[in-house]
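Structural overview for review
Letter by letter, the chains look like this.
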Amino acid sequence: MQLLISLLIIFATAAVVYAIIKTNPNQPKPLPLPTGVPYEPKLPDSAPALHWSDGGRFMVEVMTESRYQPTLKALAGDHGDGAAAAPYVATLMPDDHNAYENEAVAVFIDSRMVGYLPQKAAIKFRELLRKKEVAGQLSTTDAQVRGGALWQDKRLQYAVVLDVEPLQK
């Protein structure tokens, strides 16, 4: 009789544990399946809340992907064999709809997407926005499109650097 009660208790406990595991509301949400079309946020028409400056030091580099290189090449303009250093104003947009990074900050130049802030820099940048009481709003900063020099008859990649205070320590 004791064996039967023990087995019943073990079975009931296993059933409860199984039910808890299957209905756990804290399970991470699965990422969306790739659609073949890269995700790109839309830049709203609203005016920027503020303009950042670090005195022309350009210490923050934007993470760019190969798909942005044609855009960066067009922005760099004709710069011969040497490296480009084309000046622009970049728009920084907190991207709350990015399925791959919840603290993402997209970077646009001339209304064209050129990349994202690195993850740690984006987190720090969003903290700065909250401190300035403009969380989630657009802001601008001076930017440069650099690179693209010729080396061994090949064009090197382009990069974007921003004139905001260093966001990574």
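Scroll up to find the structure this text is about.
The following refers to the structure shown. Note that residues are indexed from 1 along each chain, following the sequence as it is written. The model is predicted, so local features are restricted to residues of pLDDT at least 70 and side-chain atom pairs to those at 80 or more, both for listing and for counting; the totals for chains, interfaces and linings are taken over all residues. The basis for every side-chain value is the complete set of non-hydrogen atoms in the structure, without hydrogens or water.

Concerning the overall build of the chain
For the chain, the helix and strand inventory stands at three helices and nine strands. For 169 residues, the compact-globule estimate of 2.2 N^0.38 gives 15 Å, and the C-alpha radius of gyration of the chain, at 24 Å, exceeds that figure by more than 25%. Seen along its three principal axes, the alpha-carbon backbone of the chain occupies a region of about 90 × 45 × 30 Å. The proportion of buried residues among the 169 residues of the chain is 36%. By the convention used here, residues are in contact when the closest approach between their heavy atoms is within 4.5 Å. Sequence-distant contacts in the chain: of pairs separated by 6 or more residues, those separated by 24 or more amount to 69%. Surface accessibility follows the Shrake-Rupley procedure with a 1.4 Å probe radius. Residue values consider only the protein chains on display as shielding. Summed over all atoms, the accessible surface of the chain reaches about 11,300 Å², with 58% contributed by carbon and sulfur. When charges are counted, Lys and Arg contribute as positive and Asp and Glu as negative, whereas His and the chain ends are disregarded. Think of each charge as sitting on NZ of Lys, CZ of Arg, CG of Asp or CD of Glu. Each charge sign in the chain was given a centre, from 17 positive and 18 negative side chains, and these centres are 6 Å apart. The numbering of helices and of strands both runs from the N terminus, where a helix is a DSSP run of H or I of at least 4 residues and a strand a run of E of at least 2. Here the radius of gyration uses the C-alpha set of atoms, whereas the globule reference equals 2.2 Å times the residue count to the power 0.38. Throughout this description, buried means an accessible area under 20% of the type-specific maximum (1.4 Å probe, protein chains only), exposed means over 50%, and partly exposed covers the range between.

Here we look at the pattern of salt bridges
In the sections that follow, a salt bridge refers to a side-chain nitrogen of Lys or Arg positioned within 4 Å of a carboxyl oxygen of Asp or Glu. Here the structure, examined in full by the defined rule, presents five salt bridges. Notably, a salt bridge pairs Glu40 with Arg67, separated by 4.0 Å at the nearest N-O pair. You can see Glu40 sitting in the loop between α1 (2-22) and β1 (50-52) and its partner Arg67 sitting in the loop between β2 (60-61) and α2 (69-76), a full 27 residues away along the chain. Assessed through its relative accessible area of 37%, Glu40 is described here as partly exposed. The partner of Asp54 in a salt bridge is Arg57, and the shortest N-O contact between them spans 2.7 Å.

Overview of the environment of Gly82
Turning to its location among the elements, Gly82 is positioned in the loop between α2 and β3 (84-94). A sequence separation of 83 residues divides Gly82 from Glu165, and the C-alpha atoms of the two residues are 27 Å apart.

Don't take any of this as a statement about function, it's just geometry.
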